[in-house]
Amino acid sequence: MTESTETPAAAAPEKTPTENGTTETPPEETPEKATEEKEKVETPPPKEMRAVVLTGFGGLKTVKILKKPEPSVGEGEVLIRVKACGLNFQDLIVRQGAIDSPPKTPFILGFECAGEIEQVGEGVTNFKVGDQVVAMPEYKAWAELVSVPAQYVYALPEGMTALDAVAVTTNYVVAYLLLFEMANLTPGKSLLVHSAGGGVGQAVAQLAKTVENVTVFGVCSKSKHEALKANNNNIDHLLERGSDYTSEVRKVTPDGVDIVLDCLCGEECNRGYSLLKPMGRYILYGSSNIVTGETKSFFSAARAWWQVDKVSPIKLFDENKSLAGLNLRHLLFQNGRADYVRRAVDRVFTLWGEGKVKPLVDSTWALEDVGEAMQKMHDRKNIGKLVLDPSLEPKPKPATPAKGKAGKEKKPSKESSEEKKDKEAKEEEKKPAENESKEEKKEKESS
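Residues numbered from 1 in each chain as written. Predicted model: local features only at pLDDT ≥ 70, side-chain atom pairs only at ≥ 80, totals over all residues. Heavy atoms only, no water.

The name an unreviewed UniProt entry assigns to the chain is Enoyl reductase (ER) domain-containing protein, from the organism Arctia plantaginis. Database annotation for the chain, UniProt heading Sequence similarities (unreviewed entry): "Belongs to the zinc-containing alcohol dehydrogenase family. Quinone oxidoreductase subfamily." (UniProt positions renumbered as here; feature names shortened; annotations may be inferred.)

This is the structure:
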């Protein structure tokens, strides 16, 4: 007789009573469901980074330092760990919403940054992880990490730091295109440049002096003249902004100048055109006169447009003069001339390597102090480039006195009743001693 062994049946799921008296069997847990719940528990939160975000068009209060998700690298892109960011006047125009086709807010600001490549996207063959680069993306540059299409990224030459890179790239590429691609600068010519103390103005002066016998007139605020003269100035004649500088130019060269480089627009267009010699060329590369206050002004924009004389092609034909314009952002992102700009970047980096150009950095700021840096540029107080450094600690904020509920400064707290009694007791103890000393004094006087 053999013994039969029975496998114990799996325990049936326990039924739970419901309100109406019936019983309900709980749903059976499947392996797939258990895996999904486990993944939910184990999925880490997305990594975040600091970024300079424009929350709305307007004044400095709309610029915030916020935590944003770290970007992922896409096809044809590289991910850059940012070490330095360049501040340009175009960023102020963007903040006010005075630029054409701005993105919807909120978005990350910035058109220029430099750092180290952390990831390389599919299809990128000319860069690798660890490369030191500078980039000119369309926005999103002012953050700890940025993903940029490789066509707008440039490898740094040996010895160039990230700070040097953001001080050189945009400013000197603009200056190079103005002088050598558009104005055809050759030995013996003369030129006038506005905002001569700014980043592009200094780049124009340095690059112009790589050509023999070129005379440079620079227009800027009077307060900058001494600093420019003391800092290896390449400007032959400094002129005061707001003065009758056209008369001052004609005292030196009665016929005028060969090239006028204008980043202001407005009435300066008419003055610049009037200074041109026959075969001269006026080039507009900015419109900073539309930025008059902290926020966008339709009146300033309209006035700048209205003040410009409308020059017909027949007039240019009769006077043998040329008008031109340069917008680097449009050249890169709208006209599709990334290869053309890359050749200019290569040439500028070669000149830097030869020691023929040296960028002038005005100051370096933490991301949290970007508002103060923007204000300095708005007030035209910078001499050279303004740079943002994500690794810097922000400036300590000035301490403000504590305020009460009504907004007034808090007064010292009142004495407690015990403290008041002790104080009165001490005063009473002093009085007998004072009286005794007075009586002794009288006795001495009578004797």
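A. Summary view of the overall build of the chain. Each helix and strand counted, the chain has 13 helices and 18 strands in total. The buried share of the chain, taken over its 447 residues, is 42%. Of all intrachain contacts in the chain linking residues separated by at least 6 positions in sequence, the fraction that spans at least 24 positions is 68%. Taken as a whole, the chain presents about 26,200 Å² of accessible surface, with 50% of it coming from carbon and sulfur. (Helix = DSSP H or I, 4+ residues; strand = E, 2+ residues; numbered from the N terminus. Buried < 20%, exposed > 50% of the residue type's maximum accessible area, 1.4 Å probe, protein only. Contact = heavy atoms within 4.5 Å. Areas by Shrake-Rupley, 256 points an atom, 1.4 Å probe, with all protein chains shown as cover.)

B. Focus on the packing of helix H3 (residues 162-182) against helix H4 (residues 199-208). The contact between H3 and H4 brings their axes to 8 Å, and the two run at 50 degrees. Taken together, the axes of H3 and H4 are oblique relative to one another. H3 and H4 meet at a crossing whose hand is right-handed. In this structure, H3 uses Asn171, Tyr172, Val174, Ala175, Tyr176, Leu179 and Phe180 to contact H4, whose residues at the interface are Gly199, Val200, Ala203, Val204, Gln206, Leu207 and Ala208. Looking at the contact of H3 with H4 residue by residue, the class counts come to eleven nonpolar, three polar and no charged. (Axes fitted to C-alpha atoms, helices over the stretch in contact; angles between N-to-C directions. Parallel < 35°, antiparallel > 145°, perpendicular 65-115°, else oblique. Left-handed = near helix turned anticlockwise from the far one by under 90°. Nonpolar A, V, L, I, M, F, W, Y, C, P; charged D, E, K, R; others polar.)

C. Here's a closer look at the pattern of salt bridges. By the definition in use, this model includes 16 salt bridges. Linking arginine 329 and aspartate 100 is a salt bridge whose minimum nitrogen-to-oxygen distance equals 2.5 Å. On the criterion of sequence distance, the pair formed by arginine 329 in helix H10 (residues 328-333) and aspartate 100 in the loop between helix H2 (89-96) and strand S6 (107-108) is long-range, its members being 229 residues apart. A relative accessible area of 31% means that aspartate 100 is categorised as partly exposed. What emerges from the salt-bridge pattern is a single network uniting Arg50, Glu144 and Glu368. (Salt bridge = Lys/Arg side-chain N within 4 Å of Asp/Glu carboxyl O.)

D. Representation of the packing of aromatic side chains in the model. All chains considered together, the criterion is met by five aromatic pairs. Taken together, a centroid distance of 6.3 Å and an interplanar angle of 50 degrees make the contact between phenylalanine 57 and phenylalanine 107 tilted. With phenylalanine 57 in the loop between strand S3 (48-54) and strand S4 (63-69) and phenylalanine 107 in strand S6, the pair connects residues that are 50 residues apart, well separated along the chain. Summarising the aromatic geometry, the rings of tyrosine 176 and phenylalanine 180 are spaced 5.1 Å apart at their centres and angled 55 degrees between planes, so their arrangement reads as tilted. With tyrosine 176 and phenylalanine 180 both in helix H3, this residue pair falls four residues apart, about one helical turn. On the accessibility criterion, tyrosine 176 (13% relative accessible area) is buried. For phenylalanine 180, a relative accessible area of 24% corresponds to the partly exposed category. Taken together, the aromatic side chains of Phe57, Phe107, Phe111 and Tyr139 make up a single cluster linked through ring pairs. In this structure, lysine 321 is placed above the aromatic ring of tyrosine 273, and the distance from its NZ or CZ to the ring centre is 4.7 Å. Between the NZ or CZ atom of arginine 337 and the centre of the ring of tyrosine 340, over which it lies, the distance is 4.7 Å. (Phe/Tyr/Trp six-rings, centres within 6.5 Å; stacked < 30°, edge-to-face > 60°. Lys NZ or Arg CZ within 6 Å of the ring centre and 35° of its normal.)

E. The environment of histidine 194, seen in detail. Secondary-structure assignment places histidine 194 in strand S11 (residues 190-194). Each C-alpha atom of the pair histidine 194 and glutamate 268 lies 9.1 Å from the other, and the pair is 74 residues apart in sequence. Sequence-distant contacts of histidine 194, that is, excluding residues within four places in its chain, are made with Val219, Tyr245, Leu261, Asp262, Cys263, Leu264, Glu268 and Tyr285. Within the local environment of histidine 194, its side chain forms a polar contact with the side chain of tyrosine 245, the two groups lying 3.5 Å apart. (Polar contact = N/O pair within 3.5 Å; in protein donor to acceptor, adjacent residues only side chain to side chain.)

F. How the structure looks around the pairing of strand S18 (residues 385-388). Side chains Lys385 and Val387 of S18 all project onto a buried face; the interleaved residues Leu386 and Leu388 project onto the opposite face, where all are buried too. With four bridges connecting them, strand S17 (residues 361-365) and S18 associate as parallel partners. If you follow serine 363 over to S18, its bridge partner there is leucine 386. In this view, the connection linking S17 to its parallel neighbour S18 by way of helix H12 (residues 370-378) has right-handed handedness. (Pairing = 2+ DSSP bridges. Right-handed = clockwise from strand over helix to strand, strands pointing away.)

G. Main features of the side chain of lysine 321. With respect to the helices, strands and loops of the structure, lysine 321 is situated in the loop between helix H9 (313-319) and strand S16 (322-325). Separated by 3.4 Å, the side chain of lysine 321 and the backbone oxygen of tyrosine 273 make a polar contact. The contact partners of lysine 321, leaving out residues within four places of it in the chain, are Tyr273, Leu276, Lys277, Gly280 and Leu316.

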